[in-house]
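Each chain is listed here by its residues.
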2 protein chains.
Amino acid sequence: MGKERYTIRDIAAMANVSRGTVDRVIHNRGTVSEDAAKKVKEVLEKINYEPNLIARSLKAHKDSVIAVVIPEYSEDYYWRQCAYGIRTSEKEFRQFGISLEYFQYSKTQEDYNKKFSEAIDFNPDAVLIAPVYYQDSLELFHRLEKKNIPFNLINTPIEDVSYRTFIGQDYRKSGRVAAQLMNTLVRNEKKILVIHVEQYFENSTHLQEKEQGFKDYLQDKNISQDIEVLTFRDAKELTDLKAILPETAGIFMTTSKTHLVAEHIGDNEDIKVIGYDLIPKNVQYMKEGKINILIHQNPISQGYDGISMLVEHLIYKREVPKVKLLPLDIVISENVDCYL
Amino acid sequence: MGKERYTIRDIAAMANVSRGTVDRVIHNRGTVSEDAAKKVKEVLEKINYEPNLIARSLKAHKDSVIAVVIPEYSEDYYWRQCAYGIRTSEKEFRQFGISLEYFQYSKTQEDYNKKFSEAIDFNPDAVLIAPVYYQDSLELFHRLEKKNIPFNLINTPIEDVSYRTFIGQDYRKSGRVAAQLMNTLVRNEKKILVIHVEQYFENSTHLQEKEQGFKDYLQDKNISQDIEVLTFRDAKELTDLKAILPETAGIFMTTSKTHLVAEHIGDNEDIKVIGYDLIPKNVQYMKEGKINILIHQNPISQGYDGISMLVEHLIYKREVPKVKLLPLDIVISENVDCYL
DNA sequence: AAATCAATTGTTCTCGTGCACAATTTGTTT
DNA sequence: AAACAAATTGTGCACGAGAACAATTGATTT
């Protein structure tokens, strides 16, 4: 049975060579005679050797530092959740010699640039980034590449960049899910609004993806439903909504600002609302019945996986996938508790 | 800052004692003078010492065996998924000296008894059980208790037994979720069927819980909907359904046998179906539109967590919660792929 | 004061891997 | 064959915790 755990010592004994030789064969470094190499390889093959990662990582204290570039999170529930995931992972890996250095940016383009730059100049061993501003990011990523620093992206995917892994949702699919749900909720001739609330909408490809997915679904299913897309730069602009609410059956909000819509809908209107993220205001409105469905974007997992997949690469040098897609969790008032 | 990683050596130096004494204080074993104990404790307090688990587990090869008592899974997709989670976890912990011994039972009461007994006589260090038959289980659990063998339950909760941790869903809530979803799907005067398909229904408290949750929700929300509960011992009995389908608006299936219902519904009937588990047949019917919603019971996580929480206890002696509730994932055809 | 025992403290080895260095063998040149 | 370099192989130590064992101190008895 291949059930036992063999050590390098065992292998050395079986192949009649020294521990050093086995080590050299495994890591193919140094010089080994053909004869010895063959014997060792045969044994390795036979017993299906798997190194003891515990012993290995006990030795391998390289003390790496990971820079974390995310939005300022003290005032923001969503990013605070994400930071919580990051910190959980930090705790777990501290004993592996991993430490984190946070670079939080306030939500302006300049500050994003500044903090990201600082992170690069800090010369970390790896970087975790929540990239919000597409254009600015490209140049910054390029600097990381030149320095040969591996980096992971969370929340917002950016194509054509040599990141290690993107952790987040398939936004196209996310939009499709929203559309299917909306279709079960709404069955009349009034129209459906797709609303974006984002200052830098042009840079936010993921919002555009959600919209596209939403439309794709309706088209695929031959559902002829009136759709109107609205893009607001600022929360205040939502007052414009009032006029069209009477002829609206449902609203799909592409961001976590879903609660804004709920606020603008009067108590008496029967408008179905689908949006994103379990931030307290959203959850509150959901429990009051003003938001029907929220799609959970798993900020905690994003943070946790973002770090741990970087560590997998730094310490264990494990292969990591290019994309780690998180589930598209559908949340209603009755199951919201188990995602909080 | 308490950011550094201190070793027992560091602590010994700081407290001006030997490494042995520090070790004795930490594990409070052996004899230590009050004076020395106080000094060491002060240092421990100050630096917030956390032992290096890697080094610890390198040494602590106790080679534990965990017995796994689950249904025969070669022919059963759900339990195969669960076994997959168990095996993933087995792989991960093999290097910690953990090995598993499987005791699969065919789905009869006698065989459950027999295999479970064998597992106990095997004298494992811990046991993971998917208990199906309530009555028989009590006696068997008692035998484990007497032998002082810790055990975890998955899938089916059994109260008043001193298991370590139950891993599974909150079935009451699960029923509530189904009810809320059904209520969005169905809005007419026809009735809703709650269907159980289970040979040993009396022993299956979790199915009864689902039913109760379903009813609770409707009552809480003052929804006056006709409900009829049907219990089938065998798949064949479902032919009886035919007669009542015309006056049925929706069906809530409490087991993974949801596909049976889909099979019995003709193509033309517009009956909404909510059921459990992403087994291939169910997924197939969902894609065809014959099943509307499936609630995912996370068999993989159940298996994985079931083992890993046992290991946490065996190796690290960490505190583990009495109940680990898995999320109540709502699955529709558009997001089914991300749960497979 | 020497002997004995208990209480306390200090030392050393182990776990499995990785790496640096030491030791050995082999081949080549004079 | 001696001298030397190159190729190959063997050995020792470090990582941090745990546990067995050895050593020291203090107290008690004869």
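Scroll up to find the structure.
The paragraphs below set out a description of the structure included in this document. Just so it is clear, the structure is predicted and the values come from calculations on it, not from any experiment.

Working note: α-helix, 3.6 residues per turn, so residues spaced by three or four point in the same direction. Residue and element names in this part refer to chain A. When helix α1 (residues 8-15) is considered as a whole, its buried residues turn out to be Ile11, Ala12 and Ala15. Along the axis of α1, the buried residues cluster in a sector spanning 100 degrees; they form a single face. More than 90 degrees from the buried face of α1, the exposed residues found are Arg9 and Ala13. Count one or two residues on from α1 and you reach Asn16, which has phi positive near 60 degrees.

Attention now goes to the packing of aromatic side chains. Residues and elements named next belong to chain B. This model, assessed by the stated rule, comprises 16 aromatic pairs over all chains. Both rings, one in Tyr105 and one in Tyr112, keep their centres 4.9 Å apart while their planes meet at 75 degrees; by these two values the pair is edge-to-face. We note that Tyr105, like Tyr112, is buried. For the ring pair Tyr112 and Phe116, a centre distance of 5.8 Å and an interplane angle of 70 degrees mean the geometry is edge-to-face. Separated by four residues within a single helix, Tyr112 and Phe116 lie in helix α6 (residues 109-121), roughly one turn from each other.

Turning to the interface of chain A and chain B, a few remarks are in order. At the junction of the two partners, chain A supplies 39 residues and chain B supplies 39 residues. Together, the buried faces of chain A and chain B total about 3,500 Å²; carbon and sulfur atoms form 51% of this surface. By the criterion of area lost to chain B, the three top residues of chain A are Arg5, Ile54 and Glu334 of chain A, representing 21% of everything that side buries. Inspection of the chain A/chain B interface yields four salt bridges.

Our next topic: the pattern of salt bridges. One pass over the structure, following the stated rule, counts 32 salt bridges over all chains. Of the charged contacts in the structure, one is a salt bridge between Asp121 of chain A and Arg143 of chain A, with a shortest N-O distance of 3.3 Å. Placement of Asp121 of chain A in helix α6 (residues 109-121) and of Arg143 of chain A in helix α7 (residues 134-147) is noted, with a sequence separation of 22 residues between them. Linking Asp337 of chain B and Lys287 of chain B is a salt bridge whose minimum nitrogen-to-oxygen distance equals 3.8 Å. Taken together, the residues Asp337 of chain B in the segment after β12 (329-331) and Lys287 of chain B in helix α11 (residues 280-287) connect sequence positions 50 residues apart. Classification of Asp337 of chain B as partly exposed rests on a relative accessible area of 36%.

Another point: the protein's contact with DNA strand D. Around DNA strand D, the structure places 26 residues, and the nearest of them are Ser33 of chain A together with Ile8, Arg29, Tyr49 and Arg56 of chain B. One nitrogen or oxygen atom from the side chain of Arg24 of chain A is found 3.0 Å from a base nitrogen belonging to DNA strand D. Mapped onto the surface near DNA strand D, the elements with two or more residues apiece are α2 (19-26) and α4 (53-59) of chain A together with α2 (19-26) and α4 (53-59) of chain B. The residue makeup of the surface near DNA strand D, split by class, is nine nonpolar, nine polar and eight charged.

What counts, and where the lines are drawn
- Residues numbered from 1 in each chain as written.
- Chains lettered and ligands numbered in written order.
- Predicted model: local features only at pLDDT ≥ 70, side-chain atom pairs only at ≥ 80, totals over all residues.
- Heavy atoms only, no water.
- Buried < 20%, exposed > 50% of the residue type's maximum accessible area, 1.4 Å probe, protein only.
- Helix = DSSP H or I, 4+ residues; strand = E, 2+ residues; numbered from the N terminus.
- Arc of directions from axis to C-beta.
- Phe/Tyr/Trp six-rings, centres within 6.5 Å; stacked < 30°, edge-to-face > 60°.
- Contact = heavy atoms within 4.5 Å.
- Buried area = accessible area lost by both parts, 1.4 Å probe.
- Salt bridge = Lys/Arg side-chain N within 4 Å of Asp/Glu carboxyl O.
- Near = heavy atom within 4 Å.
- Polar contact = N/O pair within 3.5 Å; in protein donor to acceptor, adjacent residues only side chain to side chain.
- Nonpolar A, V, L, I, M, F, W, Y, C, P; charged D, E, K, R; others polar.

Geometric values such as these leave the question of function open.
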